[in-house]
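Coordinate analysis (summary)
The residues making up each chain are set out below.
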Amino acid sequence: MSKFFYLLPLLAVVFTACSDDDDDNNNTDLGKDGTLKVSASQIADLPSAGIDEVRLVVYGNRDYTAATSAWDDGFELEFPETVSSTYLASVLDAFWMDDEEYEAVQISDPEVRLANADIEGYRNNSYIGDIFLYNETSSQDVYVSYYYSDGSLTVKGTYTYEDYGEVYSYVYNVSIGKGWNRIAFINSWNGDNYKCEITTSIPGGVSWIFD
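From a predicted model like this one, the values you see are computed outputs, not experimental measurements.

Rules behind the numbers
Residues numbered from 1 in each chain as written. Predicted model: local features only at pLDDT ≥ 70, side-chain atom pairs only at ≥ 80, totals over all residues. Heavy atoms only, no water. Helix = DSSP H or I, 4+ residues; strand = E, 2+ residues; numbered from the N terminus. Buried < 20%, exposed > 50% of the residue type's maximum accessible area, 1.4 Å probe, protein only. Pairing = 2+ DSSP bridges. Phe/Tyr/Trp six-rings, centres within 6.5 Å; stacked < 30°, edge-to-face > 60°. pLDDT = per-residue confidence, 0-100. Contact = heavy atoms within 4.5 Å. Patch = residues over 30% accessible without salt bridge, like charges linked within 9 Å, V, L, I, M, F, W, Y side chains within 5 Å. Areas by Shrake-Rupley, 256 points an atom, 1.4 Å probe, with all protein chains shown as cover. Salt bridge = Lys/Arg side-chain N within 4 Å of Asp/Glu carboxyl O. Lys, Arg positive; Asp, Glu negative; His and termini not counted. Charge placed at Lys NZ, Arg CZ, Asp CG, Glu CD.

**Brief notes about the overall build of the chain**
Regarding its fold elements, the chain presents three helices and 14 strands. In the chain, which comprises 211 residues, the proportion classed as buried is 49%.

**Details of the pairing of strand β14 (residues 207–210)**
On β14, burial covers both faces: S207 and I209 on one face and W208 and F210 on the other are all buried. Taken together, the two bridges between strand β2 (residues 43–44) and β14 define a ladder with parallel strand orientation. Residue I43 lies in a different strand from β14, and its bridge partner there is W208. Pairing of strand β8 (residues 126–136) with β14, which is carried by four bridges, proceeds in the antiparallel orientation. Its bridge partner being in β14, L133 is matched across the sheet by W208.

**What about the environment of E111?**
Within the secondary structure, E111 sits in the loop between β6 (106–107) and β7 (114–123). For E111, a relative accessible area of 65% translates into the label exposed. Sequence-wise, E111 and D150 are 39 residues apart; in three dimensions their C-alpha atoms are separated by 9.5 Å.

**Brief notes about the packing of aromatic side chains**
For the structure shown, the criterion picks out 18 aromatic pairs. Ring geometry for Y148 versus W180: centroids 5.5 Å apart, planes at 65 degrees, classification edge-to-face. Of the two residues, Y148 is situated in strand β9 (residues 140–149) and W180 in strand β12 (residues 179–190); the sequence distance between them amounts to 32 residues. Judged by relative accessible area, which is 7%, W180 ranks as buried. Between Y161 and Y168 the ring centres are 5.2 Å apart and the planes differ by 20 degrees, which places this aromatic pair in the stacked class. Take Y168: its relative accessible area is 1%, and that puts it in the buried class. Through a chain of ring-to-ring contacts, three or more aromatic side chains come together here, namely F95, W96, F132, Y134, Y143, Y147, Y172 and F185.

**With respect to unusual backbone geometry**
Here the phi dihedral of W96 falls at roughly 55 degrees; this positive angle occurs in a residue that is not glycine. Summarising the element assignment, W96 is placed in the loop between α2 (91–94) and α3 (99–104). The backbone of N124 shows a phi angle near 55 degrees, a positive value even though the residue is not glycine. The residue N124 is located in the loop between β7 and β8 in this model.

**Let's talk about the confidence of the model for the chain**
Looking at the chain as a whole, its pLDDT mean stands at 87, while 87% of the residues score no less than 70. Note on residues 1–25: pLDDT under 50 across the span, and 71 contacts to partners over four residues away in sequence or across chains.

**Brief notes about the environment of Y164**
Mapped onto the secondary structure, Y164 falls in the loop between β10 (153–163) and β11 (166–176). Look at Y164 and you get exposed, because its relative accessible area is 81%.

**Points about a negative patch on the surface**
A contiguous patch of negative charge on the surface is contributed by D98, D99, E100 and E103. Its location among the elements puts E103 in helix α3.

**Focus on the pairing of strand β3 (residues 53–59)**
With five of seven residues buried, β3 is to be regarded as a mostly interior element. Here β3 runs beside strand β4 (residues 63–70); their pairing, made up of seven bridges, is antiparallel. Its bridge partner being in β4, V54 is matched across the sheet by S69. Hairpin remark: β3 followed by β4, antiparallel, with three residues in the connecting loop.

Shown next, in the form of structure tokens:
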């Protein structure tokens, strides 16, 4: 197995509803000022000891803290309008592709560079977990990540390989614009067949959790 199939299947939570209002330009739930506001009542599985601070940490070629928010029965993070090229990675690295997978899909502009961002919780200046959009059923789980892109990009196609009798497929259906975007990683399984769909079509039913 590799990457996304290791990432998510161990999580099991009770979900609360959250709003899903997309920006007019890119597929995000940020306000017009680039701010993401989430109340504590929207987040499942919050730690009983509490959270002091929430940080938006960008991971690309290098990582850095792009925004912080004190915890006040929730958080309010202002996403930066741009991310310096110093922190951006290639398409191959941003999606954790290997060379065979990279060659199997169609990439509209290989020169576009990206970085993903995690929303992290801290207590006493120590990392205690992530806050993210998620959903799980008996046959699939969905994880939503925020990506910054320095240009418009589409990634389409399927890469499939077999390992010890198990078949793994990565299906790309990504179409993003310059700026912040949301990308869903949808893991599903049927016997020895596993599929990870990477898509900008965000499924319904995702909600905020802490883990």
